[in-house]
Amino acid sequence: MLVHAHHDHRLVVLSVVISIVAAYAASSLAERIRGAGGRVWVAWLIGGAVVDGVGTWSMHYTGKLALRLPVPMQFDWRGVVLSLIVGIVGSFFALLIMSRGRMGWARAAGAAVVLGAIAISGLHYTAMAAMRLQGMRVQYRSPALMVLSVVLAIAVSFFALAAGAGVNRRLRYHGVAILRGLANPIMHFTAMAAVAFTASGEIRDLSHAVSISSVDVIGISVIPAMVLVVALLTIFADRLQTQRALLDQLFEQAPHAVALMNGDGRVVRINREFTRLFGFSAAEVLGRRLTEVMVPGDPGDRVETELLALIQGERLEAERVRRRKDGTDAHVSIVGVPVSVPGGEIETYAIYSDVTEQKNAREALRTFPQRLIETQEAERQRIARELHDEIGQVLTSAGMMLALSQRQPAAAQTEIAEARALLDDLIGRVRNLALDLRPSILDHFGLTAALSWFFEQVTAQTGVRVVFDDLLPEDARFGAEIETAAYRIIQEALTNIARHAAVREATVSVSTDGDLLVVEVEDLGTGFAQERVSAQSFGLTGMRERTNILGGRLIIETSPGAGTRVIAELPL
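Report on the accompanying structure. Sequence order as written defines the numbering, with residues in each chain counted from 1. For this predicted model, a pLDDT threshold of at least 70 governs which residues receive local features, and a threshold of 80 or more governs which side-chain atom pairs are given and counted, while totals over whole chains, interfaces and linings are taken from all residues. Side-chain descriptors were evaluated using all non-hydrogen atoms of the structure, hydrogens and water having been removed beforehand.

### A few points about the overall build of the protein chain
The criterion, for reference: Strands here are runs of E lasting at least two residues and helices are runs of H or I lasting at least four, both read from the DSSP assignment and numbered beginning at the N terminus. Per-residue accessibility, obtained with a 1.4 Å probe over protein chains only, is compared with the maximum for each type, and a residue is labelled buried under 20%, exposed over 50%, and partly exposed between these values. Any two residues whose heavy atoms approach within 4.5 Å at even a single point are treated as in contact.
Looking only at helices and strands, the protein chain has 17 helices and 17 strands in total. Each of the 572 residues in the protein chain was classed as buried or not, and the buried ones make up 41%. Taking the contacts inside the protein chain whose residues are at least 6 apart along the sequence as the reference set, 68% of them involve residues at least 24 apart.

### Digging into the packing of helix 3 (residues 77-99) against helix 4 (residues 105-129)
Spelled out, the test is: Only the contacting stretch of a helix is used when fitting its axis, a line to C-alpha atoms as for every element, and angles between N-to-C directions run 0 to 180 degrees. Here roughly perpendicular refers to angles of 65 to 115 degrees, roughly parallel to angles under 35, roughly antiparallel to angles over 145, and oblique to all remaining angles. In this count, Pro and Cys sit with the nonpolar residues alongside Ala, Val, Leu, Ile, Met, Phe, Trp and Tyr, while Asp, Glu, Lys and Arg are called charged and the others, Gly among them, polar.
Axis separation between helix 3 and helix 4 bottoms out at 8 Å; the angle between their running directions is 175 degrees. With respect to each other, helix 3 and helix 4 are oriented roughly antiparallel. Residues G79, L82, S83, V86, G87, G90, S91, F93, A94, I97 and M98 of helix 3 form the contact with helix 4, whose participating residues are R107, G110, A111, V114, L115, I118, A119, G122, L123, T126 and A127. Here the contact of helix 3 with helix 4 is built from residues that sort into 13 nonpolar, eight polar and one charged.

### A closer look at the packing of aromatic side chains
Our working definition: Stacked, edge-to-face and tilted are the three classes for Phe, Tyr and Trp ring pairs, Trp counted by its six-membered ring, which pair at centre distances within 6.5 Å; planes under 30 degrees apart are stacked, over 60 edge-to-face, the rest tilted. Charge-over-ring placement is defined geometrically: NZ (Lys) or CZ (Arg) within 6 Å of the ring centre, and within 35 degrees of the ring normal.
Counted according to the given criterion, the structure contains 11 aromatic pairs. On the numbers, 5.0 Å between centres and 45 degrees between planes, the contact of W57 with Y61 is tilted. With W57 and Y61 both in helix 2 (residues 38-65) and four residues apart, this pair spans about one turn of that helix. Exposure class is identical for W57 and Y61. Each is buried. On the numbers, 5.5 Å between centres and 55 degrees between planes, the contact of F454 with Y487 is tilted. Separated by 33 residues along the polypeptide, F454 in helix 15 (residues 447-462) and Y487 in helix 16 (residues 480-501) bring together distant segments of the chain. For the pair F454 and Y487, a shared accessibility class is recorded, and that class is buried. Linked through ring pairs, F454, F455, F468 and Y487 together constitute an aromatic cluster. A cation over an aromatic ring shows up here: K64 above the ring of Y61, its NZ or CZ 5.6 Å from the ring centre.

### Regarding helix 15
Rules: Expected span of a helix: the number of residues minus one, times 1.5 Å.
End to end, helix 15 covers 22 Å across 16 residues, agreeing with the expected 22 Å (1.5 Å per residue, within 8%). By the burial criterion, the buried members of helix 15 are L447, A450, L451, W453, F454, F455, Q457 and V458. G463, located one to two residues past helix 15, shows a positive phi value of around 85 degrees.

### What about the pairing of strand 11 (residues 329-340)?
Heads up, the rule is: Strand pairing requires that DSSP identify at least two bridges connecting the strands.
Relative to strand 11, strand 10 (residues 316-323) runs antiparallel, the two being bridged by eight bridges. Paired with R320 across the two strands is V332, which belongs to strand 11. In this sheet, strand 12 (residues 346-354) lies alongside strand 11 in antiparallel orientation, the contact comprising nine bridges. In the strand pairing of strand 12, S340 is matched with I346.

### A closer look at the sheet that holds strand 8 (residues 257-261)
The strands making up a sheet associate through hydrogen bonds between their backbones, and the pairing can be parallel or antiparallel. With antiparallel pairing, five strands are arranged side by side in an open sheet as 9-8-12-11-10. Every interior strand has two partners, whereas the edge strands, strand 9 (267-270) and strand 10, have only one. Here the average twist between neighbouring strands, direction ignored, is 30 degrees. Here three bridges tie strand 8 to strand 9, and the two strands are oriented antiparallel to one another. Directly across from M261, in strand 9, lies its bridge partner V267.

### A few points about the pattern of salt bridges
Rule in force here: One speaks of a salt bridge when a side-chain nitrogen belonging to Lys or Arg is within 4 Å of a carboxyl oxygen belonging to Asp or Glu.
One pass over the structure, following the stated rule, counts 16 salt bridges. Here D76 and R78 are joined by a salt bridge, their closest N and O atoms 2.9 Å apart. For R78, a relative accessible area of 42% translates into the label partly exposed. Put simply, R553 and E569 hold a salt bridge, and the shortest N to O gap is 3.2 Å. Linking R553 in strand 16 (residues 553-558) with E569 in strand 17 (residues 564-571), this pair joins segments that are 16 residues apart in sequence.

### With respect to a nonpolar patch on the surface
This is how it is decided: Only residues whose relative accessible area exceeds 30% and that take part in no salt bridge are eligible for patches, with like-charged residues grouped when within 9 Å of each other and nonpolar side chains (Val, Leu, Ile, Met, Phe, Trp, Tyr) grouped when within 5 Å. Accessible surface is estimated by sampling points in the Shrake-Rupley manner with a 1.4 Å probe; for residues, cover comes only from the protein chains shown.
A surface patch of nonpolar side chains, about 540 Å² in accessible area, is lined by W77, V81, L82, I85, V89 and F93. Take I85: it is sitting in helix 3. In this structure I85 comes out as partly exposed when scored by relative accessible area, which is 43%.

### Here's the deal with the nonpolar core
Keep this limit in mind: For the purposes of this section, nonpolar cores are sets of buried Ala, Val, Leu, Ile, Met, Phe, Trp, Tyr and Cys residues that join through side-chain atoms within 4.5 Å.
Ranked by internal contacts, the top residues of the largest apolar core, which has 39 residues, are L447, I490, L494 and L517. Counting only elements with at least two residues in this core, the list comes to helix 15, helix 16, strand 14 (505-513), strand 15 (516-523), helix 17 (538-549), strand 16 and strand 17. Setting aside residues no more than four positions away along its own chain, L447 makes contact with L442, L472, E483, A486, Y487, V510 and L517. Counting residues in each nonpolar core, the second largest holds 20 residues, with V267, F274, V293 and I334 among its members.

### Focus: the sheet that holds strand 16
Spatial strand order, 13-14-15-17-16: five strands in an open sheet with mixed pairing. Each edge of the sheet is formed by a strand with only one pairing partner; in this case those strands are strand 13 (465-470) and strand 16. Ignoring strand direction, the axes of neighbouring strands in this sheet form an average angle of 15 degrees. Taken together, the six bridges between strand 13 and strand 14 define a ladder with parallel strand orientation.

### Description of helix 5 (residues 143-162)
Between its terminal C-alpha atoms helix 5 stretches 29 Å, which fits the 28 Å expected from 20 residues at 1.5 Å a residue. All buried positions along helix 5 are accounted for by S149, A153, V156, S157, A160, L161 and A162.

### Concerning the packing of helix 4 against helix 5
The relative placement of two packed helices comes down to the angle between their axes together with the axis-to-axis distance. Put simply, the test is: Helix crossings get a hand from a simple test, with the near helix turned counterclockwise from the far one by less than a right angle marking a left-handed crossing and a clockwise turn marking a right-handed one.
At a closest axis distance of 8 Å, the pairing of helix 4 and helix 5 adopts a crossing angle of 140 degrees. If you check the angle between helix 4 and helix 5, you find them oblique. Seen along the crossing, helix 4 lies across helix 5 with a hand that is right-handed. Mapping the contact onto sequence places W105, A108, A109, A111, A112, V113, L115, G116, A117, I120, S121 and Y125 in helix 4 and M146, S149, V150, A153, I154, S157, F158, L161 and A162 in helix 5. The residue makeup of the contact of helix 4 with helix 5, split by class, is 17 nonpolar, four polar and no charged.

Below, the structure written as structure tokens:
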């Protein structure tokens, strides 16, 4: 006679939840197993097998607790223990297959067969064989459902292991855990559908049987669930510890100096590069503000304002000067990165890079044109001095010797006179060349006098007449750099006019406008295309560099056929 049986839906749901929680623990442990080696790998493998086996065992016995029969349900304790061992052994070999090499279709199929046929189905049917019901008999009325239960356990396990291969890591993790968790209840309740309970007058041996009552829910469901939760928490704690270790190493091994500040702007941590760059140890800066230990080398550095902005969550990127422990200054690039942490507070990473060498290189590059011009002027002065002192004296001596040769025959006097004339012309040319290289009149009498002399030389040598509009105050003198720059700019402009403008006259104007010395050179010659103004010609580059060094401005106005106007504004 068939006996009616039904399930408590609350315990059915509990069994499914236990199975999924266990699957999450097993999935996390499987990741640890694949990433471990040596004794750690063995420990994780055994621990994973125990957790997975206990989870499967707990689910099946919770499912059996959900079964309601008219007689007390008892189990042979030896079968209960054996079923747990079967579950653990099956999980062990499944995890062993999964942990060796890359998870492919063949490896997933092998692990699914072991997991579904042994760890899940083997545990279930071993537990059913351990069931003891007085006055009742357990019979399987549908072999097809029994086979289907095993096939479903294998199939769902296979999809759990292999179906997530083409999706992202997070989706794969949850998909594997949920499918793996559903494999247990699907197999269990499919197999239970094949069971028929019939009345029997047979007297069963209950000497090794233990009863299962509602109190046993604590032992079969709650305690294993607690074990699984603890396993999950252990895994998460281990993962967090690993991530923290990686972040700690990243912080310490960073190639830049890093200081971590709390919401009050006080240092909570520094790395080794910070100590190397600034010389401060952790004990000297922890709990203090950086403004208390790294006094800015620049008196105008508003470090407190910047620190307040960082605390308020503003990002900072700047170059500053900071004081090292030994009192020397360090030019650093600062990047302040505010980070919001739980609780609404803001902590800040201050990242320092030493840019002293780069700054020195930029400064050297910036001052290179000035130093080059200074070198050119010094060389001009040296050559002019040598021309005047050495060559000029030699030529003068030669002229004096020729002047003493009046006792020569009358026939030679004509040739001597011609030689003296050529020598006098050469002496004049050498003196003019020396003055052109470095006119001493510029140093002794100022810009106006030097320009007046120079314009006479230009007219005599090139035929270009210079109209000089002198608007400077009488006897006005400016700094040597200003006067030299103005003289050279006018010299270069008139040289270009003589070579390229095809005119016989040019106009030069020199005046002051507030704190500026304004130089203008104008001609009505051929001019040139405006795009050539930025071309890398030596003359234009020289005029522009002299102007830029003094912080001034050079303006060139020109067009083909309309002449050229050069304006240099030099700050006094």
